[in-house]
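Here are the chains, one letter per residue:
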Amino acid sequence: MVQTITAETLESGPGVGYRLAWKLRGGTPVKNRYERTRDLRVPLRDGTVVMADLYRPGGARRRPTLLVRTPYGRSKGGLEFAYYAARGYTVLVTASRGTDGSEGVFEPMIHEADDGHDVVEWMREQPWFDGRFVTYGTSYLAFTQFALAENDYPEWKGMIAAIGPHDFGEIMHGRGAFDLLNFHGWSDLMSHRNNSSSSIFAETLAMFRSLARGKEMLATTPLEKSSTAQMRALAPWFADWVTHRDLSDPYWASYSHTSVLERIERPVLLNGAWNDLFAKQTLTQWRVLQARGVDLEVHMTRGGHAEPAAALLNLDFANRSLDWLDALLDGTPDRVVSIGHRVAIGGTKRQTVLESWPPAAAPRELCGAHGGRLRHEPAEPDGQWTTLVYDTADPTPSYGGNIMGMGAGYVNNGKLEARGDVVVYTSAPLAEDVLVAGVPRVALTVEASSGFDVFVRLCDVHKKSINVCDEITRFPEGGEHSIDLELDGTVHLFKRGHRIRLLIAAGAFPRFDLNPALLPIDRAPGSTTARLTLAISDSSVKLTLPERNSG
């Protein structure tokens, strides 16, 4: 039986608490009061009803609407949504089906295009709608915007999308290796989605706990049985994600909205982060939209997946979003892109403005040599190989990088590099600053005793070895293979006196799953020993860095 819920006005704001929080975080002056109405009922085409909250600015004049669609609960972004409402914008927040009082079953991603269309059709008929809307949100909330773009609406004036993907299948399986820790942790988090807490800090803590539970479970449990009882009941999709490894499978069609990047015409404001698990897709969005001449502004921070959401509470990006919205909707679109594409420079506390992605750069090549050296001149083939032995009973662990929880981002890789199953190639101290901006590439030849993975990480070495960017690729069969691998994009300054290091391993667990050629998914790590011998031709190793003038 469906519970009947009556819409009610819960609050008139902003109250003293919100005003104080905004002031402490550098908020702009409040322009107006607003009313929040909770539990509006929005019907979908199949009869399902989803719940919505509406923030309406005071006064008789109708205002443009920010449309937010979320599976995380309508109240969890209340401080953020109210910020826009108190500055003249109507905000409509709808809960995905199967979440926060909405009817139906939550099945991640697959209903968002159709459900979003139905929400827009309903919104068009509401007396408070002034005929203009801009979509807004981070992470999954950004994905719902790309899903909505499968259709077009003349009333849709712009998109504000932060740290969000357009293709979940590609993120999970596009490397060959399954992005295990992130999506196990997220599924565990979503299995608790109907908990009552409305605090974004409690939600962030819950995410960290989910990832910690995941690390513990994945270390001792076969992958096919790694769902908790709660996950099996409330996040059954995870088991499907593990077994559907072929992205050409029709199963993944509703998870991908890559094609909309070729059709989006409206202005877009993107916010990404170098250590976000979706960073590569943010950069793809930047590259494709800009090449097509879309009005676009991009910000890339130095943080990970949690930091941009927290930054919204610090109001840096929210204030820029307000300026962008005001410029977009008051009839002066030339102001929309006036501040350029601003990106954080890794290794510093500075930002720079880039004209495009990838930016113009000259290749700087560093070549491997026996003894773990990286040199500016190529080595003659000398038949020297460096060998590592990878053991599923003690798999090479993952440290930092593009994960969602604690320990994400830039970390000291010293413990990782000290392992016997990790090979490093290191340059001499740099005689001058080297600014890398773009997509580093690594080429190497390996010979493997069975199916294998190759994990490659670029590091900045000065007292500590700090990761810059990385990538993994998978091969189902052994033998000799020549590999040409693009790492994640970066903008990073290697300072004079620092050294450039290339770290190579045969895995990064549990960030990525173990290669099934070594350990079938019905076996637990540590339950059996399966060893892989991976030999690297030292003279074949070549690191190509896109270098820009560091002045």
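Turning our eyes to something else, we now look at the overall build of the chain. A count of helices and strands for the chain gives 13 helices and 24 strands. For 551 residues, the compact-globule estimate of 2.2 N^0.38 gives 24 Å, and the C-alpha radius of gyration of the chain, at 24 Å, lies within 12% of that figure. Counting only C-alpha atoms, the chain reaches 80 × 55 × 40 Å along its principal axes. The buried share among the 551 residues of the chain stands at 58%. The contacts of the chain with a sequence gap of at least 6 include a subset with a gap of at least 24, amounting to 78%.

This model, assessed by the stated rule, comprises 32 aromatic pairs. Judged by centre distance (5.7 Å) and plane angle (85°), the rings of F168 and F278 are edge-to-face. With F168 in helix α5 (residues 168–173) and F278 in the loop between β8 (268–275) and α10 (279–291), the pair connects residues that are 110 residues apart, well separated along the chain. Take F168: its relative accessible area is 4%, and that puts it in the buried class. A cation sits over an aromatic face here: R87 above W22, 4.8 Å from the ring centre.

The next point concerns helix α12 (residues 316–329). The first and last C-alpha atoms of α12 sit 20 Å apart over 14 residues, in line with the 20 Å expected at 1.5 Å per residue. Counting buried positions along α12 yields 11 of 14 residues, so the element is predominantly enclosed. What α12 keeps buried is the set F317, A318, N319, R320, S321, L322, W324, L325, A327, L328 and L329.

This part covers the pattern of salt bridges. Side chains that differ in sign of charge can pair as their charged atoms come close. Under the definition given, this model contains 40 salt bridges. Between D470 and R457 there is a salt bridge, with its nearest N and O atoms 2.8 Å apart. Linking D470 in strand β19 (residues 464–475) with R457 in strand β18 (residues 452–462), this pair joins segments that are 13 residues apart in sequence. No difference in accessibility class separates D470 from R457, as the two residues are buried. Among the charged side chains, a network of salt bridges with common partners joins R36, R38, D39, D53, R74 and D100.

Residues separated by three or four positions in an α-helix point in the same direction, a consequence of the helix having 3.6 residues per turn. With 13 residues, α10 should cover 18 Å at 1.5 Å per step; its first-to-last C-alpha distance of 18 Å lies within 8% of that length. All of the buried residues in α10 are A279, Q281, T282, L283, Q285, W286, V288 and L289. Contacts made by the buried residues of α10 are with α4 (140–148), α5, β8, β9 (296–304), β10 (341–344) and β11 (351–354). Taken from the residues just after α10, G293 is the one with a positive phi, measuring 80°.

Turning our eyes to something else, we now look at the packing of helix α3 (residues 112–124) against α4. Contact pair α3 / α4: the axes reach a minimum separation of 8 Å and the direction vectors enclose 80°. Here α4 runs roughly perpendicular to α3, going by the angle between their axes. In this structure, α3 contributes E112, A113, G116, H117 and V120 to the contact, and α4 contributes Y140, F143, T144, A147 and L148. Grouping the constituent residues of the contact of α3 with α4 by class yields 6 nonpolar, 3 polar and 1 charged.

Burial runs high along β19: 10 of the 12 residues are buried. Sheet topology note: the β18/β19 ladder contains 11 bridges and is antiparallel. Counted as the bridge partner of F455 is I472 from β19. In this structure, the hairpin formed by β18 and β19 is closed by a connection of 1 residue, where K463 is found at a positive phi of approximately 70°.

Okay, unusual backbone geometry next. With an omega of -10°, the peptide bond running from W357 to P358 counts as cis. Turning to its location among the elements, P358 is positioned in the loop between β11 and β12 (362–369). The peptide bond linking F509 to P510 adopts the cis configuration, its omega dihedral lying at 10°. If you trace the backbone, P510 turns up in the loop between β22 (499–505) and β23 (531–537). Even without being a glycine, D39 presents a positive backbone phi close to 70°. Structurally, D39 can be placed in strand β2 (residues 34–43). Overall, the relative accessible area of 10% leaves D39 in the buried class.

Residue placement: N402 occurs in the loop between β14 (385–391) and α13 (414–417). Residue N402 is classed as buried on the basis of its relative accessible area of 8%.

Examined against the element boundaries, T94 turns out to sit in strand β5 (residues 90–95). A C-alpha to C-alpha distance of 24 Å links T94 and R19, two positions 75 residues apart in sequence. With residues up to four places along the chain from it excluded, the contact list for T94 reads M51, A52, V68, R69, T70, R74 and V119.

Moving on to the nonpolar core. In terms of nonpolar packing, the biggest core is built from 98 residues, with W186 and W241 touching the most fellow members. Here this core gets 7 residues from one element, more than from any other, and that element is α12. With residues near it in sequence (within four places) discarded, W186 still touches Y72, F106, P108, M109, Y140, W237, W241 and M404. Counting 46 residues, the second largest nonpolar core, distinct from the first, contains L44, L67, W286 and L354.

Mapping F317 onto the fold places it in helix α12. Using a relative accessible area of 7% as the deciding quantity, one classes F317 as buried. Along the primary structure F317 and A162 are separated by 155 residues, whereas in three dimensions their C-alpha atoms are 9.5 Å apart.

A covalent bond bridging the sulfur atoms of two cysteines is what the word disulfide describes. The full count for this structure, using the stated rule, is 0 disulfides. No disulfide involves C459; its sulfur sits 9.1 Å from that of C469, the nearest cysteine. Residue C459 is classed as buried on the basis of its relative accessible area, which comes to 0%.

About the thresholds
- Residues numbered from 1 in each chain as written.
- Predicted model: local features only at pLDDT ≥ 70, side-chain atom pairs only at ≥ 80, totals over all residues.
- Heavy atoms only, no water.
- Helix = DSSP H or I, 4+ residues; strand = E, 2+ residues; numbered from the N terminus.
- Rg over C-alpha atoms; globule rule 2.2 N^0.38 Å.
- Buried < 20%, exposed > 50% of the residue type's maximum accessible area, 1.4 Å probe, protein only.
- Contact = heavy atoms within 4.5 Å.
- Phe/Tyr/Trp six-rings, centres within 6.5 Å; stacked < 30°, edge-to-face > 60°.
- Lys NZ or Arg CZ within 6 Å of the ring centre and 35° of its normal.
- Expected span 1.5 Å × (residues − 1).
- Salt bridge = Lys/Arg side-chain N within 4 Å of Asp/Glu carboxyl O.
- Axes fitted to C-alpha atoms, helices over the stretch in contact; angles between N-to-C directions.
- Parallel < 35°, antiparallel > 145°, perpendicular 65-115°, else oblique.
- Nonpolar A, V, L, I, M, F, W, Y, C, P; charged D, E, K, R; others polar.
- Pairing = 2+ DSSP bridges.
- Core = buried A, V, L, I, M, F, W, Y, C linked by side-chain atoms within 4.5 Å.
- Disulfide = S-S within 2.5 Å.

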